[in-house]
Amino acid sequence: MLSARSIEIIESSPGWRRHRIEFFDLPEGRMVVKGQRPARGPWAHRVLNGIAALAGVPCLKAVPVHGGQKAQDVEVRRLRALAAAGVRVPKVLHVAQDYFVMENMGSTTLVCQLAAGGEIARQAWLRCAQYLLDVHMAGVYFSQCFARNLIMLPQGVGAIDFEDDPLEVMNLTDAQARDWLAFFQSSLWLLDVSHRWIDEQLDFFLSKETPKVQRALAVAASRLAWLRHLSNNRKLWGRDGIAIRAAALHLHRYRLRHP
């Protein structure tokens with residue numbers, strides 16, 4: 001918990017009010033203060049939900065990020081629930097009406113490690129895949145399981161960004177399948193490895209998943225397989241297009257090996 005003096009320092013700062021995120025070096029350690037974002041409209045969610053329904057892929061439903069007090073309540077609740085399940089996430093140290101304080105886990109993300117290439121990238125990816133699997137085996141799930149939100153630590157891997165709760169719009173199986181899709185989409189395209197290496201890793205990690213999650217991923221792989229035909233031209237599709245193409249390609253290969 002924070003001392004009264006530390007809370008006074010935080011509440012007198014305009015930084016987190018202006019920029020929403022601010023870092024503090026306090027007697028209790030290095031902290032992150034997170035203010036509230038404005039509430040968001042529903043229109044983008046309706047479009048994405050329509051696409052998910054047409055494609056027949058429930059785990060692609062848009063998950064509402066409510067903004068304001070509700071988003072803060074969701075994130076605090078989810079961080080505490082994950083910590084209680086033994087998942088390495090930032091500790092919540094103080095909750096106020098318009099902000100909350102959590103420990104700073106550092107800034108070395110999976111993206112940073114993948115950019116290093118070689119064995120560093122491969123080992124970082126494997127550590128994150130095992131972390132994701134361990135979270136699922138604990139019966140819980142992430143929110144935004146992207147490479148930018150996976151924090152590399154000396155003692156393992158941690159995760160940040162839990163402002164939404166997938167269980168508002170889908171069941172646990174689809175939420176866990178969604179985690180894998182986000183992880184693959186944000187990381188596979190950055191790996192400079194052979195297709196065979198990725199095939200072996202997907203076979204290993206997904207074989208440890210529950211049959212329900214495996215089936216959900218098989219459906220997603222089948223329905224999204226056409227995306228592997230997107231052009232590999234980054235100027236045409238941008239970074240996101242290349243990332244989606246890579247994930248669709250490797251999931252299609254996985255589906256062919258496990259009909």
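Residues numbered from 1 in each chain as written. Predicted model: local features only at pLDDT ≥ 70, side-chain atom pairs only at ≥ 80, totals over all residues. Heavy atoms only, no water.

**What to know about the overall build of the protein**
Check the secondary structure of the protein and you find 10 helices and six strands. Taken along the three principal axes of its C-alpha coordinates, the protein extends 60 × 40 × 40 Å. A total of 259 residues make up the protein; the buried ones form 50% of that total. Residue pairs at least 24 apart in sequence account for 68% of intrachain contacts in the protein once pairs closer than 6 positions are excluded. For the protein, the accessible area works out to roughly 12900 Å², and carbon and sulfur atoms hold 55% of it. Taking the average place of the 33 positive charges on the side chains of the protein and the average place of its 24 negative ones, the gap between the two points comes to 7 Å. (Helix = DSSP H or I, 4+ residues; strand = E, 2+ residues; numbered from the N terminus. Buried < 20%, exposed > 50% of the residue type's maximum accessible area, 1.4 Å probe, protein only. Contact = heavy atoms within 4.5 Å. Areas by Shrake-Rupley, 256 points an atom, 1.4 Å probe, with all protein chains shown as cover. Lys, Arg positive; Asp, Glu negative; His and termini not counted. Charge placed at Lys NZ, Arg CZ, Asp CG, Glu CD.)

**What to know about the nonpolar core**
In this structure, Leu 110, Trp 125, Tyr 131, Trp 180, Phe 183 and Phe 184 are the most contacted members of the largest nonpolar core, which totals 57 residues. Formed by 12 residues, the second largest nonpolar core is a distinct cluster that contains Leu 2, Phe 24, Leu 93 and Ala 96. (Core = buried A, V, L, I, M, F, W, Y, C linked by side-chain atoms within 4.5 Å.)

**Comments concerning the side chain of His 66**
Considering the arrangement of structural elements, one finds His 66 in the loop between α3 (43–55) and α4 (68–84). A polar atom in the side chain of His 66 sits 2.9 Å from the side chain of Glu 168. (Polar contact = N/O pair within 3.5 Å; in protein donor to acceptor, adjacent residues only side chain to side chain.)

**Examining the sheet that holds strand β3 (residues 92–95)**
One open sheet accounts for four strands, arranged β1-β2-β4-β3; its pairing is antiparallel. Two strands lie at the open edges of the sheet, namely β1 (21–26) and β3, each paired on one side alone. Shown here is a sheet whose adjacent strand axes are inclined to one another by a mean of 25°, direction ignored. Contacts from helix α1 (residues 4–11) reach β1, β2 (29–35), β3 and β4 (99–103) within the one sheet, and its direction differs from that of β1 by about 145°. (Pairing = 2+ DSSP bridges. Axes fitted to C-alpha atoms, helices over the stretch in contact; angles between N-to-C directions.)

**Section: the packing of aromatic side chains**
On inspection of all chains with the given rule, the structure shows 10 aromatic pairs. Considering the side-chain rings of Tyr 131 and Phe 142, the 5.5 Å spacing of their centres and the 55° angle between planes classify their relative orientation as tilted. Linking Tyr 131 in helix α6 (residues 118–137) with Phe 142 in the loop between α6 and β5 (150–153), this pair joins segments that are 11 residues apart in sequence. A connected cluster of aromatic rings, assembled from ring pairs, spans Trp 125, Trp 180, Phe 183, Phe 184, Trp 197, Phe 204 and Phe 205. (Phe/Tyr/Trp six-rings, centres within 6.5 Å; stacked < 30°, edge-to-face > 60°.)

**What about empty space enclosed by the protein?**
Scanning the entire structure with this criterion turns up one cavity of 30 Å³ or more. Here the largest cavity defines a volume of roughly 60 Å³. Around the largest cavity sit Arg 20, Lys 34, Gly 35, Gln 36, Arg 37, Gly 68, Ala 71, Gln 72, Glu 75, Phe 100 and Glu 163, which together line it. For the lining of the largest cavity, the secondary-structure elements that each account for two or more residues are β2 and α4. At four residues, α4 tops the list of elements feeding residues into the lining of the largest cavity. The residue inventory of the lining of the largest cavity, partitioned by class, reads two nonpolar, four polar and five charged. (1 Å grid on protein atoms, 1.4 Å probe; cavity = no way out; pocket = protein on both sides within 12 Å on 5 of 7 lines; lining within 4 Å. Points joined across faces, edges and corners; volume = space filled by probe spheres on them. Nonpolar A, V, L, I, M, F, W, Y, C, P; charged D, E, K, R; others polar.)

**Here's the deal with the pattern of salt bridges**
Evaluation of the coordinates by the stated rule reveals 12 salt bridges. The partner of Asp 203 in a salt bridge is Arg 257, and the shortest N-O contact between them spans 2.9 Å. In this pair, Asp 203 sits in helix α8 (residues 195–207) while Arg 257 sits in helix α10 (residues 234–257), placing the two residues 54 residues apart along the sequence. Residue classification places Asp 203 among the partly exposed positions, given a relative accessible area of 24%. In this structure Arg 257 comes out as partly exposed when scored by relative accessible area, which is 29%. Each of Arg 20, Lys 34, Arg 37, Glu 75 and Glu 163 takes part in one network of salt bridges that share partners. (Salt bridge = Lys/Arg side-chain N within 4 Å of Asp/Glu carboxyl O.)

**Points about the state of the cysteines**
Overall, the coordinates contain zero disulfides when judged by the stated rule. Here Cys 59 is not disulfide-linked; the sulfur of Cys 145 is the nearest cysteine sulfur, at 13 Å. Looking at Cys 59, the relative accessible area reads 2%, which means it is buried. Free of any disulfide, Cys 112 has its nearest cysteine sulfur in Cys 128, 11 Å distant. (Disulfide = S-S within 2.5 Å.)

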